[in-house]
Amino acid sequence: MTTQSVSLDYVAQLRACVERARDISDGAKASVEFAQLCDRLGAENPQAADLLEILWNEFVAANRSATFWQQICDVEKELSERMAQTNVQLKQEYLRLIQEQ
């Protein structure tokens, strides 16, 4: 295998790990695959493996944070929609009460 094809293999494996890690339910499998990638890379270039591991840990943390904030946004949106719906209902009830008087 040439150096370029080995590098492309690392790139493809890293991309697969990243895609898998984006799905929180697949996070454990992504971590296992990433550890295998680091082991392979570490045998050839330990410093590159260390750097890649630092970046991976930052990526995982950022991904978890983004997922958390997305969930918060979804909850806020749902709450906002419920509040708007309740407000419309209250206005309608108020108008009915005014018409009855």
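Now for a quick tour of the structure. Just so it is clear, the structure is predicted and the values come from calculations on it, not from any experiment.

Our focus in this paragraph is the overall build of the protein chain. Each helix and strand in the protein chain was counted, giving three helices and zero strands. When the helices and strands of the protein chain are read in sequence order from the N terminus, they spell out α-α-α. Taking 2.2 N^0.38 as the reference for a compact globule, 101 residues should give roughly 13 Å; the C-alpha atoms of the protein chain span a radius of gyration of 25 Å, well beyond that estimate. Principal axes of the C-alpha set define a box for the protein chain whose edges measure 85 × 20 × 20 Å. In the protein chain, buried positions account for 17% of the 101 residues. Within the protein chain, contacts between residues separated by at least 24 positions form 49% of all contacts whose residues are at least 6 apart in sequence.

Turning our eyes to something else, we now look at the side chain of asparagine 63. Residue position: asparagine 63 is located in helix H3 (residues 46-100). Note on asparagine 63: relative accessible area 14%, which makes it buried. Ignoring any residue separated from it by four or fewer positions in sequence, one finds asparagine 63 in contact with Ala21, Arg22 and Ile24.

It is worth spelling out helix H2 (residues 27-44) at this point. Taking 1.5 Å per residue, 18 residues should reach 26 Å; H2 reaches 26 Å between its end C-alpha atoms and fits that length. Taken together, the buried positions of H2 are occupied by Ala30, Glu33, Phe34, Leu37, Cys38 and Leu41. Buried residues in H2, looked at end-on, bunch into an arc of 145°, giving them a common side. Exposed and oriented more than 90 degrees from the buried face of H2 are Ala28, Asp39 and Ala43.

On to the packing of H2 against H3. Between H2 and H3, the shortest axis-to-axis distance is 7 Å and the interhelical angle comes to 155°. When the axis of H2 is compared with that of H3, the two are roughly antiparallel. Across the interface between the two elements, Ala30, Ser31, Phe34, Leu37, Cys38, Leu41, Gly42 and Glu44 from H2 touch Pro46, Ala48, Ala49, Leu52, Glu53 and Trp56 from H3. In terms of residue class, the contact of H2 with H3 is built from 10 nonpolar, two polar and two charged.

Core analysis: the biggest nonpolar cluster contains 13 residues, and Phe34, Leu37, Leu41, Leu52 and Trp56 have the highest contact counts within it. Contributions of two or more residues to this core are made by helix H1 (3-22), H2 and H3. The element that contributes the greatest number of residues to this core is H2, accounting for five residues. Those residues in contact with leucine 41, other than ones at most four positions away along the chain, are Tyr10, Pro46, Ala48, Ala49 and Leu52.

Attention now moves to the pattern of salt bridges. Counted under the stated rule, the structure contains five salt bridges. Close ionic contact of arginine 20 with aspartate 26 constitutes a salt bridge, the shortest N to O distance being 3.3 Å. Aspartate 26 sits in the partly exposed class, given a relative accessible area of 26%. A salt bridge links arginine 82 to glutamate 78, with the nearest nitrogen and oxygen atoms 2.4 Å apart. One end of the pair is arginine 82 and the other is glutamate 78, both in helix H3 and four residues apart, which spans about a single turn.

Rules used throughout
- Residues numbered from 1 in each chain as written.
- Predicted model: local features only at pLDDT ≥ 70, side-chain atom pairs only at ≥ 80, totals over all residues.
- Heavy atoms only, no water.
- Helix = DSSP H or I, 4+ residues; strand = E, 2+ residues; numbered from the N terminus.
- Rg over C-alpha atoms; globule rule 2.2 N^0.38 Å.
- Buried < 20%, exposed > 50% of the residue type's maximum accessible area, 1.4 Å probe, protein only.
- Contact = heavy atoms within 4.5 Å.
- Expected span 1.5 Å × (residues − 1).
- Arc of directions from axis to C-beta.
- Axes fitted to C-alpha atoms, helices over the stretch in contact; angles between N-to-C directions.
- Parallel < 35°, antiparallel > 145°, perpendicular 65-115°, else oblique.
- Nonpolar A, V, L, I, M, F, W, Y, C, P; charged D, E, K, R; others polar.
- Core = buried A, V, L, I, M, F, W, Y, C linked by side-chain atoms within 4.5 Å.
- Salt bridge = Lys/Arg side-chain N within 4 Å of Asp/Glu carboxyl O.

Shape descriptors only; they carry no functional weight alone.
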